[in-house]
Each structure stands twice: as C-alpha cells, then as structure tokens.
Amino acid sequence: MWYKNAIGKEKIQFMFNNEFDIELFELYSISLEKNSELKCNLICKGIPKTHPKKWDKLEFNALNLKIIFNEIIQMNISGTKIGFFCLPKINSSIDYSEITIKHGEFQLYCKSKFLTIDNITPYIDIRWD
C-alpha cells in the first residue's frame, strides 16, 4: 500500500475502508513550499466502492487527492507542462517516502522523510461524463 507509513493514513482507512489504489491520476498541480515541502494535487477518476456516506448527497465523478512530501531529501523535475494523466509511483516506508511520475518529456522524482495525506475530497470535473 502506497500510504502504509504516511501521516494521515487514517483518512484512507476510515473513509475508504483501507482501499485507495493508485490508478489513473491527473497531475493537476505541484508546488514547492516553505520548509522543503512538495505539494501535489492529483485528480483521481477511480472512486473506491466504499466512501463517506455524506458524499452520496453530492455530485462528483472524481476525487481530489492532496499529498505533501515533507523534508525533501532529493528532488528532480524536468519538463514544462502538467495537467496530464499518469500512473504515479508512490512509496512510503519508515525511512523515507518517494514519488515518481513520468509522462512524455515531463519527469518528477521526489524523495522525502515523510509523506502526508493532506486532504481527499469529492470533485466534479465537467470534462468527464
């Protein structure tokens, strides 16, 4: 599980019955923030079967996942454009966490001391049925 050692993994455990696979994501935004943090905003079309009941009242066709890589150890970014669909490789171990995204000429690699699951919210994307 990509979130096994992430800070905030309880969100996935309780909201989605411990099931939130990394499938097809849109890399919506990334930002390098203070205190050596890489923030990634990913839009996921795959919605887990189990989700919070209160969401049933909402109209949504995707999930917005915001994750933060804290205390960066190593980072490499090349390319010029985001907003594409990809299959990110995310690993969280006791010693470090990392993300790798490759799409065409865009490449992102970040290794950090911690991975934080900041937020997961329902999302409506008008581009999709």
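Residues numbered from 1 in each chain as written. Predicted model: local features only at pLDDT ≥ 70, side-chain atom pairs only at ≥ 80, totals over all residues. Heavy atoms only, no water.

A. Local environment of the overall build of the chain. Summing up its helical and strand segments, the chain has 1 helix and 7 strands in all. Listed by position from the N terminus, the elements making up the chain come as α-β-β-β-β-β-β-β. Relative to a compact globule of 129 residues, whose C-alpha radius of gyration would be 14 Å, the chain shows 14 Å and is just as compact. Principal-axis analysis of the C-alpha atoms gives the chain an extent of 40 × 30 × 25 Å. In the chain, buried positions account for 40% of the 129 residues. Carbon and sulfur atoms make up 49% of the accessible area of the chain, which totals about 7,800 Å². Each charge sign in the chain was given a centre, from 17 positive and 16 negative side chains, and these centres are 2 Å apart. (Helix = DSSP H or I, 4+ residues; strand = E, 2+ residues; numbered from the N terminus. Rg over C-alpha atoms; globule rule 2.2 N^0.38 Å. Buried < 20%, exposed > 50% of the residue type's maximum accessible area, 1.4 Å probe, protein only. Areas by Shrake-Rupley, 256 points an atom, 1.4 Å probe, with all protein chains shown as cover. Lys, Arg positive; Asp, Glu negative; His and termini not counted. Charge placed at Lys NZ, Arg CZ, Asp CG, Glu CD.)

B. Summary view of unusual backbone geometry. In this model, Asn17 sits at a positive phi of 55°, which is unusual for a non-glycine residue. Here Asn17 shows up in the loop between helix H1 (10–15) and strand S1 (25–33). What makes Asn17 partly exposed here is its relative accessible area of 47%. For Glu71, which is not glycine, the phi dihedral falls at a positive 55°.

C. Representation of the pairing of strand S2 (residues 37–44) within the structure. Within S2, 7 of the 8 residues are buried, leaving the element largely enclosed by the surrounding structure. Where S1 meets S2, 8 bridges bridge the pair, whose relative direction is antiparallel. Bridge pairing in S2 links Leu27 to Leu42. Where S1 folds back on S2, the antiparallel hairpin that results is connected by 3 residues, among which Asn35 adopts a positive phi of roughly 60°. Where S2 meets strand S3 (residues 62–78), 8 bridges bridge the pair, whose relative direction is antiparallel. Residue Lys39 lies in a different strand from S3, and its bridge partner there is Ile68. (Pairing = 2+ DSSP bridges.)

D. Layout of the environment of Lys66. One can find Lys66 in strand S3. Placed 29 residues apart in sequence, Lys66 and Glu37 show a C-alpha to C-alpha distance of 12 Å. Each residue touching Lys66, except ones within four places of it in the same chain, is listed here: Cys40, Asn41, Thr116, Ile117, Asp118 and Asn119. (Contact = heavy atoms within 4.5 Å.)

E. Looking closely at the state of the cysteines. Evaluation of the coordinates by the stated rule reveals 0 disulfides. The thiol sulfur of Cys110 is not disulfide-bonded, and the nearest other cysteine sulfur, from Cys40, lies at 7.2 Å. For Cys110, a relative accessible area of 0% translates into the label buried. (Disulfide = S-S within 2.5 Å.)

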